[in-house]
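# Chains, contacts and geometry: an overview
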Amino acid sequence: MKTLRFVLGDQLHRRIASLTDLDPDTDVVLMVEVREEATYARHHQQKIVFVFSAMRHFAAELEAEGITVDYVRLDDGDNTGSFTGELERAIGRHNSEKVVVTEPGEWRVWEMMQNWREDLSPSVEIREDNRFLCSRTAFEAWAGDRKALRMETFYREMRRRTGWLMDGKEPEGGQWNFDSENRKRLPRDLAAPDRTGFPPDAVTQECMALVAREFGDHFGTLDGFRWPVTRKDALAALKHFITACMPTFGDYQDAMRQGAPFLYHALISPPLNAGLLTAEEVCRAAERAFRDGKAPLNAVEGFIRQILGWREYVRGLYWTRMPGYAETNALGAGRDLPWFYWSAETEMNCLHQCISETRDHAYAHHIQRLMVLGNFALLAGIEPRQVEEWYLIVYADAYEWVELPNVHGMVLWADGGVMGSKPYAASGAYIDRMSDYCGSCAYDVKAKTGEKACPFNYLYWDFLIRNADRLDKNPRMAMPYRTLGRMSEERRAEVTADADRFLASLRSAPDSAETVRAAPNPPPTGKGPSAPSRARKSSRPTRET
Ligand code: FAD
Ligand code: DLZ
Ligand code: SF4
């Protein structure tokens with residue numbers, strides 16, 4: 001039977017479910033570069049280059065094995081621009097009797113696949129994505145009727161299930177979690193390790209030229225592109241991380257330093273999410289480093305928890321709760337995304353640094369995403385949809401299955417506590433403790449009120465005041481609300497006045513044409529000059545607050 005095996009741009013693994021029983025004599029692998037995928041969210045330029053170049057390399061590797069690949073390039077004159085259009089054309093070209101796909105990473109594409117099953121004449125088989133350590137069905141069984149789905153409970157179950165970092169039935173070292181030993185301040189004289197960058201080869205350079213031509217008005221710069229685009233290079237990046245960074249990963253996992261965007265982080269999320277690496281081999285490599293005495297338990301446990309725990313957990317949560325998950329807005333946040341998220345033009349140095357690094361590398365590490373960029377969006381009460389669209393656009397590793405729970409649940413608490421028992425709200429003191437940003441800031445992190453005070457300081461209390469009716473009964477928020485209760489009326493009024501003044505000064509569109517030119521490739525925002533490309537369709541249930 002002539003089977004058409006459709007592989008998407010984030011499914012680039014030789015043993016992906018849709019390729020397992022491939023017959024090179026009869027079957028054709030279909031891969032397509034389509035405008036719709038590059039623009040449903042106006043992705044960072046580096047993200048598009050990464051996906052296209054990784055797809056082209058993967059196709060070449062399959063061909064080198066003797067497999068027939070039908071690869072449609074973006075600039076192919078007949079390209080219809082969408083998955084559905086290209087699949088229909090390919091079915092006609094190959095007279096296919098059957099189509100095999102692997103389930104996608106986004107609800108949007110899942111809905112498309114359901115339509116293919118109904119509308120197309122060859123049968124369409126959708127296979128479970130075999131790259132994850134917990135299947136959608138296994139997660140649903142674990143979730144059952146639980147109201148709150150806590151990562152820590154899930155993670156322990158996964159440790160038992162895989163046997164990783166286990167000593168018989170007990171966790172290695174007698175504890176499940178070693179975070180009390182992690183998350184130290186970075187000593188000033190400690191130099192961050194070199195990053196293994198992969199200079200663009202000829203294929204990547206061709207993709208860079210294409211993206212500059214077709215998507216040059218998208219957010220982000222291309223010059224610093226150093227992502228691994230083949231499995232070979234992704235494995236080299238993993239090896240470098242395990243030997244050079246893993247031993248210190250836990251200690252400085254939460255640290256931030258001006259001019260050092262990568263520190264001890266793995267930089268593997270784009271290749272991992274695209275299929276160039278698997279979660280299993282990454283976790284096994286980390287565990288081996290511990291067993292061989294090359295990395296301490298606090299570091300290895302902390303790292304494995306990110307993948308076996310957080311990564312699997314957010315995916316399970318996404319598929320269990322979609323499509324309704326994206327629609328909630330538990331804190332009723334409705335402010336527009338400030339323009340500086342695109343231009344990096346803000347006097348708040350921490351935000352300026354994190355946004356500039358995001359623009360230059362399509363990357364920011366976890367704490368920058370959570371405690372600087374996310375914390376600001378939470379405290380300022382920015383509308384979840386606009387924040388989510390921003391995160392989906394700007395990071396090379398962003399796909400909705402992983403971006404949405406992290407932003408909607410972890411950062412914005414828009415799910416009302418499904419994911420986290422309380423919002424991760426913090427004042428400037430946290431950023432000052434974990435970074436050197438405050439030393440070069442126009443604001444004073446120690447000042448609590450007034451024009452020069454760090455905006456995080458009064459926004460934090462203003463957030464608690466604004467959301468008292470939603471949060472003050474939360475047992476995990478008892479302490480800050482007790483402190484707020486002791487605050488004088490005069491001080492509360494100062495907080496509110498500072499916050500109102502500051503929030504009123506935020507612009508959701510560029511101030512002037514001058515600013516537009518100054519901003520690198522400013523994309524249209526939700527309220528900006530041109531209409532937004534909505535990441536998600538409006539076919540969802542109506543918003544609850
Ligand atoms: P490291 O810090 O070295 O961690 C190792 C690996 O652990 C990562 O590669 C990643 O695969 C996994 N991991 C760690 N934390 C998480 C997490 N919370 N959820 C899922 N996986 C995790 N990660 C994405 O892959 N795509 C996203 O779109 C994404 N959006 C995020 C948005 C917000 C607001 C936050 C707070 C986190 C987000 N993350 C996302 C998780 C995390 O920030 C990135 O995975 C990490 O920064 C990638 O860099 P790294 O490979 O150097 O990670
Ligand atoms: C992110 C992305 C981009 C920019 N372009 C393509 C593409 O042209 N072709 C393709 O197969 N995949 C692309 N992707 C990845 C898809 O968006 C991803 O497969 C879906 O979002 C499902 O996770
Ligand atoms: Fe950020 Fe406040 Fe520190 Fe400035 S003072 S860098 S705004 S935390």
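Not measured: the values here are computed from a predicted model.

## Describing the site of ligand 2
As a matter of local geometry, ligand 2 sits amid 17 residues, with Gly9, Asp10, Val32, Val34 and Glu37 nearest to it. One of the backbone nitrogen or oxygen atoms of Val34 is found 2.8 Å away from an oxygen atom of ligand 2. A total of 490 Å² of accessible area belongs to ligand 2 in isolation, and the protein chains cover 100% of it. Assessed atom by atom at 2 Å from the grid points, ligand 2 resides in the largest cavity. At the level of secondary structure, the elements contributing two or more residues to the shell around ligand 2 comprise α1 (35-39), α2 (45-64) and α4 (107-119). A per-element tally of the shell around ligand 2 places α2 first, with three residues. The class makeup of the residues in the shell around ligand 2 is nine nonpolar, three polar and five charged.

## Looking at the domain arrangement of the chain
Here the domain parsing of the chain yields domain 1 (3-127), domain 2 (136-321) and domain 3 (325-518). Using only C-alpha atoms to locate each centre, domain 1 and domain 3 end up separated by 38 Å. Contact residues are listed per partner, giving twelve residues for domain 1 and 14 residues for domain 3. Taking both partners together, domain 1 and domain 3 bury about 1,100 Å²; carbon and sulfur atoms supply 55% of that area. Where domain 1 meets domain 3, there are zero salt bridges. At the junction of domain 1 with domain 3, the criterion picks out eight residue pairs in polar contact (both at pLDDT 80 or more). Sort the elements by how many residues they give to the side of domain 1 that touches domain 3 and α2 lands first, with three residues.

## Regarding the site of ligand 1
By nearness alone, 29 residues border ligand 1, and His265, Ala266, Leu267, Asn273 and Tyr363 come closest of all. Measuring from an oxygen atom of ligand 1, one finds a backbone N or O atom of Ile268 at 3.0 Å. Out of a free accessible area of 810 Å², ligand 1 has 99% covered by protein chains. Breaking the shell around ligand 1 down by element, the ones donating at least two residues are α9 (269-274), α11 (297-321), α14 (366-380) and α16 (400-411). Both domains that meet at the shell around ligand 1, namely domain 2 (136-321) and domain 3 (325-518), each give it at least three residues.

## What about empty space enclosed by the protein?
The probe, sized like a water molecule, is rolled over the atoms to show the empty space still left. Taken as a whole and judged by the stated rule, the model has six cavities of 30 Å³ or more. Within this model, the largest cavity holds a volume of roughly 330 Å³. Forming the boundary of the largest cavity are 23 residues, of which Gly9, Glu37, Val51, Phe83 and Tyr399 lie nearest the centre. Sorting the residues of the lining of the largest cavity by element identifies α1, α2 and α4 as the ones contributing at least two each. By residue number, the principal contributor to the lining of the largest cavity is α2, which donates five residues. In terms of residue class, the lining of the largest cavity is made up of 14 nonpolar, three polar and six charged.

## A few points about the pairing of strand β1 (residues 3-6)
The alternating pattern of β1 places Thr3 and Arg5 and Leu4 and Phe6 on opposite faces, both of which are buried. Pairing between β1 and strand β4 (residues 98-102): four bridges, direction parallel. By the bridge assignment, Phe6 is partnered in β4 with Val101. In this structure, β1 lies alongside strand β2 (residues 28-32), joined through three bridges in parallel fashion. Note that in β2 the partner of Leu4 across the bridge is Val28.

## As for the pattern of salt bridges
Where charged atoms from two side chains of opposite charge approach closely, those side chains can pair. The tally for this structure, following the rule as stated, stands at 38 salt bridges. Arg14 is the salt-bridge partner of Glu65, the closest N and O atoms lying 2.8 Å from each other. One end of the pair, Glu65, is in the loop between α2 and β3 (68-72); the other, Arg14, is in the loop between β1 and β2, with 51 residues separating them in the sequence. For Glu65, a relative accessible area of 46% puts it in the partly exposed group. Judged by relative accessible area, which is 30%, Arg14 ranks as partly exposed. Connected through salt bridges with shared partners, the residues Arg5, Asp21, Asp27, Lys98, Glu125 and Arg127 form a single ionic network.

Conventions adopted
Residues numbered from 1 in each chain as written. Chains lettered and ligands numbered in written order. Predicted model: local features only at pLDDT ≥ 70, side-chain atom pairs only at ≥ 80, totals over all residues. Heavy atoms only, no water. Near = heavy atom within 4 Å. Polar contact = N/O pair within 3.5 Å; in protein donor to acceptor, adjacent residues only side chain to side chain. Areas by Shrake-Rupley, 256 points an atom, 1.4 Å probe, with all protein chains shown as cover. 1 Å grid on protein atoms, 1.4 Å probe; cavity = no way out; pocket = protein on both sides within 12 Å on 5 of 7 lines; lining within 4 Å. Sits in = over half its atoms within 2 Å of the grid points. Helix = DSSP H or I, 4+ residues; strand = E, 2+ residues; numbered from the N terminus. Nonpolar A, V, L, I, M, F, W, Y, C, P; charged D, E, K, R; others polar. Domains from an automatic or database assignment. Contact = heavy atoms within 4.5 Å. Buried area = accessible area lost by both parts, 1.4 Å probe. Salt bridge = Lys/Arg side-chain N within 4 Å of Asp/Glu carboxyl O. Points joined across faces, edges and corners; volume = space filled by probe spheres on them. Buried < 20%, exposed > 50% of the residue type's maximum accessible area, 1.4 Å probe, protein only. Pairing = 2+ DSSP bridges.

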